[in-house]
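Per-entry structural report
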Amino acid sequence: MRPQKALAALIPGLALLGMTIVSPPSSALAAEGKLGGTLRLLANAAAGTADPHINYTLQFFQMNYILYDGLVTYKKAGDKSGFEVVADLAETLPKVENSGKTYVFKLRKGIKFADGSDVTSKDVVASFQRIFKISGPTAGTFYNGIVGADSCLKTPATCTLDGGLSVDDAAGTITFNLVQPDAEFLQKIAIPHAAILPAGAPLKDAGTDPIPGTGPYMIASYDPNKLMKMVRNPHFKEWSKEAQPAGYPDEIDYEFGLTDEAAVTAVENGQADWMFDPPPADRLGELGTKYAKQVTVHPLMAMWYAPMNNNLAPFNDIRVRQAVNFAIDRAAIIKLFGGSNLAQPACQILPPGFPSFAPYCPFTANPGEKWSAPDMDKPNNWLLNRELLVRR
């Protein structure tokens, strides 16, 4: 791990932008919008399990969106409209009833899993029960508002979501009942943790054994030490371009094991099409000059921040926590990440550009909408130094 990566976990309020390096257009048919070919992706390492109900990494979330579908999903778009929730396996966005506590979905007909089996309401019910039965990482945070979730959290193995999930086969509808209104319910079920899987999916972490999905691609093989190979799902037929477009390449090879340096060189030489990990800082110069036409910078809605345990001294004193925020030189950290084209300082948990973001920064030399400079003269910083000296 490079020093700047380790340091990122210690810095309050650093929002990152993503840099994508693509190979010369002639080597990637997908880059030209043409059907066919193989898209070659690189990453230092695999991101763990292939189970969409368990994996909680940005790296594999990107893949799971083309392998699996939920009742709803985020619009597949390259601009801010990508924050919009759209109907996916459901025909339309749900009818909301009972003062915001009841959501009624109508399941699309004719959709099949990659193994050829039909998607039914039984699969929807089993999938949400499975989230609790396998103790998924967001079962108790994103989905605990469903009626019956409390019992499922206490005894996962016997989870039924009784009263929270019901089916009307004649009408083709699935109804969710919530304990109380949740304005973010659709956003919560739009992520891969709420993917609809076959009712027979194993009630344990699937690991490297892929579970059939409904997306345009399916995992043909997965070796975390080498490669995840994805091919077209032979049973996929595009039902909504904004929810799940068919995709261009016939095959996607996600290779693991190369260093950042080697990955940059491979993409520059046309031996790969894209790399997941940030390019090393010492390669940014050549990328911005000699290979500028192969580089794109796009917003990555992520925040690097410093968690402080307010149950332990000295961070149990709010003045000390404020002092840390005033003292950090965010500009210096930005340089470590490659400059203002790749990162920007922030003073709140929501990244700039994220829905509901409002620019403000109280923890800076000149409080206002943006961070300007550290303020080492604040009394809080004196307090921080005093507290740390006492601890020593």
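Computed from a predicted structure; not experimentally measured.

Another point: unusual backbone geometry. Omega for the bond connecting Ala-313 with Pro-314 falls within 30 degrees of zero, at 5 degrees, which places this linkage in the cis form. Mapped onto the secondary structure, Pro-314 falls in the loop between strand E13 (295-304) and helix H8 (318-327). We note that Ser-99 has phi near 55 degrees; this positive angle belongs to a residue other than glycine. Residue position: Ser-99 is located in the loop between strand E5 (95-97) and strand E6 (102-106).

A few words now on the pairing of E6. Counted residue by residue, E6 has four buried out of five residues, so it is predominantly covered. Pairing of E5 with E6 involves three bridges; the strand directions are antiparallel. Looking at the pairing, Val-96 lines up with Tyr-103 of E6. Of the pairings in the sheet, the one linking E6 to strand E8 (residues 173-177) comprises five bridges and is antiparallel in character. Within E8, the residue paired with Thr-102 across the bridge is Asn-177.

Attention now moves to the packing of aromatic side chains. Per the counting criterion, the structure on display carries 17 aromatic pairs. Between Phe-60 and Tyr-222, the aromatic rings sit 5.9 Å apart at their centres with planes inclined by 70 degrees, giving edge-to-face as the arrangement. With a gap of 162 residues between them, Phe-60 in helix H2 (residues 58-67) and Tyr-222 in strand E9 (residues 217-223) connect regions that are remote in the sequence. Each member of the pair Phe-60 and Tyr-222 is classed as buried. Between Phe-60 and Phe-256, the ring centres sit 6.4 Å apart and the planes meet at 50 degrees, which makes this aromatic pair tilted. Here the residue Phe-60 occupies a position in helix H2, and Phe-256 occupies one in strand E11 (residues 251-256), the gap between them amounting to 196 residues. Neither Phe-60 nor Phe-256 differs from the other in exposure class; each is buried. An aromatic cluster of three or more residues is present, and its members are Tyr-103, Phe-105, Phe-128, Phe-142, Tyr-143, Phe-176 and Phe-185.

Looking now at the sheet that holds strand E7 (residues 165-168). Strand pairing in a sheet takes place through backbone hydrogen bonds and is either antiparallel or parallel in direction. Strand order in this open sheet of four strands is E5-E6-E8-E7, and the pairing throughout is antiparallel. Strands with a single pairing partner mark the edges of an open sheet, and in this sheet they are E5 and E7. In this sheet, adjacent strand axes meet at a mean angle of 20 degrees when their direction is disregarded. Each of E7 and E8 touches helix H3 (residues 121-133); the most contacted strand, E7, lies at about 175 degrees to it.

Using the criterion set out here, one finds 12 salt bridges in the structure. Where Lys-229 meets Glu-251, a salt bridge forms, and the shortest distance between an N and an O atom there is 2.6 Å. With Lys-229 in strand E10 (residues 227-232) and Glu-251 in strand E11, the pair connects residues that are 22 residues apart, well separated along the chain. The class of Lys-229 is partly exposed, set by a relative accessible area of 23%. Given the relative accessible area of 21%, Glu-251 is considered partly exposed. Measuring nitrogen to oxygen at the nearest pair gives 3.3 Å for the salt bridge that ties Glu-268 to Arg-283. Here Glu-268 is found in helix H6 (residues 260-268), whereas its partner Arg-283 is found in the loop between strand E12 (274-275) and helix H7 (284-289), with 15 residues between them in sequence. The pair formed by Glu-268 and Arg-283 is uniform in burial state, with each residue classed as buried. Counted as one network, the salt bridges with shared partners bring together Glu-261, Glu-268, Arg-283 and Glu-286.

Position of Asp-51 relative to the elements: it lies in the loop between strand E2 (38-43) and H2. The exposure class of Asp-51 is buried, given its relative accessible area of 0%. Among the polar contacts listed, one links the side chain of Asp-51 to the backbone nitrogen of Ala-206, at a separation of 3.1 Å. Setting aside residues up to four positions removed in sequence, Asp-51 forms contacts with Arg-130, Lys-204, Asp-205, Ala-206, Gly-207 and Ile-211.

Another point: the sheet that holds E11. Pairing is mixed in the open sheet, where five strands are placed in the order E9-E10-E11-E2-E12. Two strands bound the open sheet, and with one partner strand each, they are E9 and E12. Note: E9 against E10, six bridges, orientation antiparallel. Note that in E10 the partner of Tyr-222 across the bridge is Met-228. Across the sheet, H2 lies against E2, E9, E10, E11 and E12, angled at about 160 degrees from E11, the strand it touches most.

Attention now moves to the environment of Tyr-291. Inspection of the secondary structure assignment puts Tyr-291 in the loop between H7 and E13. On the basis of relative accessibility, which here comes to 14%, the residue Tyr-291 falls in the buried class. Spatially, the C-alpha atoms of Tyr-291 and Glu-268 are 7.3 Å apart, while their sequence positions differ by 23 residues. Beyond its immediate sequence surroundings of up to four residues, Tyr-291 is in contact with Glu-268 and Glu-286.

The rules behind these values
Residues numbered from 1 in each chain as written. Predicted model: local features only at pLDDT ≥ 70, side-chain atom pairs only at ≥ 80, totals over all residues. Heavy atoms only, no water. Helix = DSSP H or I, 4+ residues; strand = E, 2+ residues; numbered from the N terminus. Buried < 20%, exposed > 50% of the residue type's maximum accessible area, 1.4 Å probe, protein only. Pairing = 2+ DSSP bridges. Phe/Tyr/Trp six-rings, centres within 6.5 Å; stacked < 30°, edge-to-face > 60°. Axes fitted to C-alpha atoms, helices over the stretch in contact; angles between N-to-C directions. Contact = heavy atoms within 4.5 Å. Salt bridge = Lys/Arg side-chain N within 4 Å of Asp/Glu carboxyl O. Polar contact = N/O pair within 3.5 Å; in protein donor to acceptor, adjacent residues only side chain to side chain.

Remember that the coordinates give geometry; whether it matters functionally is a separate question.
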